[in-house]
Each structure stands twice: as C-alpha cells, then as structure tokens.
Amino acid sequence: MHPAGSLIIFTVLSGLGFGLLAFLGAGVVLPLGWEAFVWFAAGYALAGGGLLASVFHLGHPERALLAFTQWRTSWLSREAVLAVAALGMMAPYAAGSVFFAQPLPVFGAIAAVLCLATVIATSMIYATIRAVPRWHHWTTPAVFLAAALAGGALLAGQLRLAGGLFAVLAVALALHWQAGDRRWRDAESTPGSATGLGRIGRVRLFERPHTGANYITREMVHVVGRRHSAKLRLIALVGGAVLPAMLLALMPASLLAAGAALGLHLVGILAARWLFFAEAEHVVGLYYGRAAA
Amino acid sequence: MTDLPETTDKKLGLVIDLDICVGCHACVTSCKEWNSQGYGAPLADADAYGPAPEGAFLNRVHSFEVTSEDGPPQLVHFPRSCLHCEDAPCVTVCPTGASHKRAEDGIVLVEESMCIGCGLCAWACPYGAREMDPAEQVMKKCTLCVDRIYNENLPPEDREPSCVRACPTGARHFGDLGDASSAVSQLVAARDGFDLMPEQGTKPVNKYLPPRERDRATAAPALEPVGEAGGFLGWLDRALSRL
C-alpha cells in the first residue's frame, strides 16, 4: 500500500495524543492550573491536530460531517464519532482541572475509555480489510494500542510504567511482523484464484491492461523501498521500543531520560508506521503480475 | 446507507466468457465513452495529452498466460470490473453512506454528492474495481449502466450495459443472476461459471466462464531416421560432397 506521509503522521500523532489524554483522564496524574493547561493543550493539539490534518487530506473536506453518519458499519465513521466524543467528554474534565482546580473524575474516566476506543477504531479501519492479508490480524490493533499507551504514558510522565509498555510494544511489533510475513505467504488468494484460471494451470500476467500507472497501481501496488525493510524493522524495534524501554528502566527518572526516550520512540514509530503501509500488499496486485509468495 | 440489504429482489450482473474474449478493449472504450457523459461526474483523465497520461476507467482488460504440464499454453484475455458483490466490503467501510447496494436490483453505486474521496472503499475491494476520479476527487465505479438499462428513451436493444452492447464477440452477457431460469443463470450452470477470489467472502454476483478445453495435438509416431542413402543417389551425394 502507498505509504502516504499524511496518514503516517496522522496516525502516529493522534495515537500519542489520545494516549496522553487517556492517562490524564484516568487520573494517573492530576495536574492543576497552568500545569494542567500545558498537558491538556498538548493532548488536544496532538489528537485534534491529527484529525484535522486527515480531514484536509480528503478529496471533499466540505462533506466531512457526513462521515459521522455510518457508525453502524464503518470503522472510519466510528473513529470520527469516538474521537469527537472523547475530546468533548474530556473538555469539562480539562476545564475543571485548569480553571477551577476541581477535576471532574466521572468525565475524565469516560473520556479516557473513549480515547482508547478511538485508537482501537483507527486500527480496526486497517485490521478489517481482508484484501490486505498483513493487516487483517489481531496484531494490528495490538500495535496501535501499545504504541498509544506507551507514548501516552511517557508524555504523561509515568516513566516506569512507560518503560514496561515500551517492552509490550516491542513484543507487539515483533508479533505483527512475524504474523504478517506468514499471512502473505499462506494467503489463499493467488493469481489462480484471482482469475479463476488456476484450474487450468499456472497463471502468469502476460500483458497489463494499461501501459502507464493508474489509481490502483499507485495506491495499492506500491513496491518501492521494501528492500530496506529489514533495516527499518531494526530501527523501528530498537529505536521505537527496546531502547526507550531500557532507558526508562535503567536510568534514573529525569527529564533527560524522558526526552531521549521520546525522541527515539518518535523516530522508531514513524519507521514502523511507514513499514505498516509499505510492506502491506493488497490482493489486487495479483492482477498486476504479483506472484503468490 | 452502508448496511447491506439482506436480500435483493434481483441480482443484476454480468457473465463474462473467457473462452471467446479476444482482448480488443472495445468494452473498455465504450464504457469510458458512455460514462464520460451520463451518470455522475464525467469519467476524467489527467495529463491526457502529456508525457504520462492516466485516467479513471471502470473496466480494464488484462491478458494472462496459462501453462500446464499436459495441455497447450493458453493466452486468456481477462476483463476486470466491479462484480456487484452480495457481501460488498466496499459498501460497509464507507463512512458517509455514499456507497450503497440497491435492494431492488443489487447494483452497487456511489452517490457522488455524498462522497468525501477518502478512498477507503477502493482499499476494501479485493478486485481493484474502484478508481478515484482525477478531476472530481470522488470514487468512480461500474454502475452496470444504470442510466441505460432502465432508460425508456433508448431503443430496447440498447437497454443493456455499454460494455455488453459493444462486445463484438458476444463475450459479455447481462441479466438477473438471482433468477435461476434467466439466460445468464442457465449459461453459468451449463458452462461451469465461477466466482473470482471466492476465499475473500465477497459473494460476487458477476460470473466468469472458463475457456473451453483446447484441442491437443495427437502424438504422431516419430519418423524413421533418414540413414545413409545407397544406390545411384548415394553415389551422387558422395561424389558431390567430394567436389
């Protein structure tokens, strides 16, 4: 799949933002006044900014409100509804903390749950696409949720907890890659099933239907950069999860340790998210000469 | 509404005969022509006269080579378009309700005035049947020529999808695949028609008919080896070789 920069940045930043807001809402830290303002502003900026960026990415942003209507079947619609509900529910809690030194824990708790539900909804958009075997697996929501929780805990200043969650993220990433590699290899869809000609013999693309690119080949038959996937996986795993986990577990808790862990995590998780798209193969590639693995 | 209908009154769709498709792309061209002026935004191109032209099409013809141990190799031309699936994954993922499957005839359509151009439906489709319009930024797909098949301004023989009307070999058939007595259903039954990627669980309405079995060359006995010629001709051959 085409690794669109906007989607990578949107999913990473909104994941971090909703993770941070979940910890704030759950009352793991109880900042008041200006301190609370900074934390809530950061959470809203990350979560809301990502959402806004995704809206402007649309072909018709002026119709974006319609995306709140189909929550009964569409995870994308559910994500929109949950995100707005989470940010809305968080508002009284944040206002109470910032202006009245009086957090409203019921709002906070509900908002925290909605924040995590939003992250899960984001991941389910991908995990429910059967035509992309690598995504269609429980490890997809696991990675998204672990990344949001670990990054959120770090931003919320819960360094020991974050260290443990980074270790969980490392395991989730490794499982996701392992399962993903196997899923494409074992996928039932082949050029033979895609054309139905497998019953006659071995099927090979002889001629494409068009000489140039089209929307399908650019969006779904992306093949650039897979040769670097081993190195990028190392960067994602070590930078995004293992090193932050070790830093936070071994170094005395300090702003320096937290900052270093955050920087490493951002580089690593961006690499992981790039791979999430770039490595994912869509079965439509079978019509365009992609042989079965 | 992106809920799929439990059942549809009809299951309108296409039956494509891979045995006689000659890969002429007439269906592609006529589809592009018809859909550049009728239903919805005109099907656009980008950089049509430049160095890298591309455009949105609702139908594409691939060519595949099929080889087997015991038969002759075959070249099969393979038209690919929306299959109007009963369990259409493109419909349920739509966040706005623009994508829908009609309860009356099973046609999967996009209401373009509601489409936000997010592209998720194109990802959800295993068959690559949906393409973003490069000018209008809304999703385009086969409408089964919904603006032809019910159009009483057209003569009756034209009330079928443009691709079917254009096919010079009769490789494309249109009809109600939900009605077991319809001509298309009988064709599918008689010719062992099949679904594309049934493992994806989409339950396509459109069916494909396999190429018929090809004649095989009978294994003729090998000719006797031509030995050294004797007699006059042998002498002549040797004499000429010596010259």
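Owing to the predicted nature of the structure, the values given are computational and were not obtained by experimental measurement.

Before going further, it helps to examine the packing of helix H1 (residues 5–25) of chain A against helix H5 (residues 139–155) of chain A. Residues and elements named next belong to chain A. The N-to-C vectors of H1 and H5 enclose an angle of 60°; their axes lie 7 Å apart at closest approach. The angle between the axes of H1 and H5 places the two elements in the oblique class. Considering the relative orientation of H1 and H5, their crossing is right-handed. Residues Thr11, Gly15, Leu16, Gly19, Leu20 and Phe23 of H1 form the contact with H5, whose participating residues are Phe144, Ala148, Leu149, Gly151, Gly152, Ala153 and Leu155.

So, about the sheet that holds strand S5 (residues 74–81) of chain B. Across the sheet, which stays open at both edges, the three strands sit in the order S1(A)-S4(B)-S5(B) with antiparallel pairing between neighbours. Each end of this open sheet is capped by a strand with a single partner; those strands are strand S1 (202–207) of chain A together with S5 of chain B. Pairwise comparison of adjacent strand axes, ignoring direction, gives a mean angle of 40° for this sheet. Where S1(A) and strand S4 (residues 59–67) of chain B come together, five bridges link them in antiparallel fashion. Bridging from a neighbouring strand, Val203(A) pairs with Val66(B) of S4(B).

To continue, consider the interface of chain A and chain B. In this complex, chain A contributes 57 residues to the contact, which on the side of chain B involves 57 residues. Ranking the residues of chain A by area buried against chain B places Gln70(A), Tyr215(A) and Tyr287(A) at the top, with a combined share of 13%. There are three salt bridges connecting chain A and chain B. Ionic pairing is found between Arg72(A) and Asp3(B), a salt bridge with its closest N-O pair at 3.0 Å. Our count for the chain A to chain B interface comes out at 29 residue pairs in polar contact (both at pLDDT 80 or more). Counting only elements with at least two residues in the side of chain A that touches chain B, the list comes to helix H3 (75–99), helix H4 (105–127), helix H7 (191–195), S1 and helix H8 (215–220) of chain A. If one sorts the elements of the side of chain A that touches chain B by residue count, S1(A) sits on top with six residues. Looking at side-chain class alone, the side of chain A that touches chain B contains 30 nonpolar, 16 polar and 11 charged residues.

Parameters and conventions
- Residues numbered from 1 in each chain as written.
- Chains lettered and ligands numbered in written order.
- Predicted model: local features only at pLDDT ≥ 70, side-chain atom pairs only at ≥ 80, totals over all residues.
- Heavy atoms only, no water.
- Axes fitted to C-alpha atoms, helices over the stretch in contact; angles between N-to-C directions.
- Helix = DSSP H or I, 4+ residues; strand = E, 2+ residues; numbered from the N terminus.
- Parallel < 35°, antiparallel > 145°, perpendicular 65-115°, else oblique.
- Left-handed = near helix turned anticlockwise from the far one by under 90°.
- Contact = heavy atoms within 4.5 Å.
- Pairing = 2+ DSSP bridges.
- Buried area = accessible area lost by both parts, 1.4 Å probe.
- Salt bridge = Lys/Arg side-chain N within 4 Å of Asp/Glu carboxyl O.
- Polar contact = N/O pair within 3.5 Å; in protein donor to acceptor, adjacent residues only side chain to side chain.
- Nonpolar A, V, L, I, M, F, W, Y, C, P; charged D, E, K, R; others polar.

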